[in-house]
Amino acid sequence: MDPKGFYAPFGPTTAEQRHAQFAISYQGHECQWNGPSWPYSTAITLTALANLLNRGGQDVITRPDYFALLRNYTNPNG
């Protein structure tokens, strides 16, 4: 949930934003996994977080965290 980590305005990034190779690039191959949120990876992340919350026994991610991430990813207004 750190905005300098994976938490971004349009869903989780595929790489941590502090990483030296994190980049939002519109040049080169269109299938770069160097930073921006991708629907497939976001679906995997949201499913994993839902499973983690349903299993219980942890206090790192909360239900409000999950819904904040889902809401930020699905917000059509950005």
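Residues numbered from 1 in each chain as written. Predicted model: local features only at pLDDT ≥ 70, side-chain atom pairs only at ≥ 80, totals over all residues. Heavy atoms only, no water.

A tally of regular secondary structure across the protein chain gives 2 helices and 0 strands. If you sum the accessible surface of the protein chain, you get close to 5700 Å²; carbon and sulfur atoms cover 58% of it. (Helix = DSSP H or I, 4+ residues; strand = E, 2+ residues; numbered from the N terminus. Areas by Shrake-Rupley, 256 points an atom, 1.4 Å probe, with all protein chains shown as cover.)

With 6 residues, the main nonpolar core is built from Leu46, Leu49, Leu53, Ile61, Tyr66 and Leu69. Secondary-structure elements contributing two or more residues to this core are helix H1 (39–55) and helix H2 (63–74). Residue contributions to this core peak at 3 residues, all from H1. Here Leu53 is in contact with Gln58, Ile61, Thr62, Arg63 and Tyr66, once residues within four sequence places are set aside. (Core = buried A, V, L, I, M, F, W, Y, C linked by side-chain atoms within 4.5 Å. Buried < 20%, exposed > 50% of the residue type's maximum accessible area, 1.4 Å probe, protein only. Contact = heavy atoms within 4.5 Å.)

Mapped onto the elements, Gln17 comes out in the segment before H1. On the accessibility criterion, Gln17 (26% relative accessible area) is partly exposed. Residues Gln17 and Asp2, spaced 15 residues apart in sequence, show a C-alpha to C-alpha distance of 9.7 Å. Excluding residues that lie within four positions of it along the chain, Gln17 makes contacts with Pro3, Lys4, Gly5, Phe6, Tyr7, Ala8 and Phe22. A distance of 3.0 Å separates the side chain of Gln17 from the backbone oxygen of Tyr7, its partner in a polar contact. (Polar contact = N/O pair within 3.5 Å; in protein donor to acceptor, adjacent residues only side chain to side chain.)

Under the defined criterion, the tally for this structure stands at 2 salt bridges. Ionic pairing is found between Asp2 and Arg18, a salt bridge with its closest N-O pair at 3.0 Å. Placement of Asp2 in the segment before H1 and of Arg18 in the segment before H1 is noted, with a sequence separation of 16 residues between them. Given a relative accessible area of 33%, Asp2 falls into the partly exposed group. A salt bridge links Arg18 to Glu16, with the nearest nitrogen and oxygen atoms 2.8 Å apart. Overall, the relative accessible area of 48% leaves Arg18 in the partly exposed class. Residues joined in a network through salt bridges with shared partners are Asp2, Glu16 and Arg18. (Salt bridge = Lys/Arg side-chain N within 4 Å of Asp/Glu carboxyl O.)

Take Tyr7: it is sitting in the segment before H1. Taking the C-alpha atoms as reference points, Tyr7 and Leu69, 62 residues apart in sequence, are found 7.8 Å from one another. Setting aside residues up to four positions removed in sequence, Tyr7 forms contacts with Met1, Asp2, Gln17, Ala68, Leu69 and Asn72.

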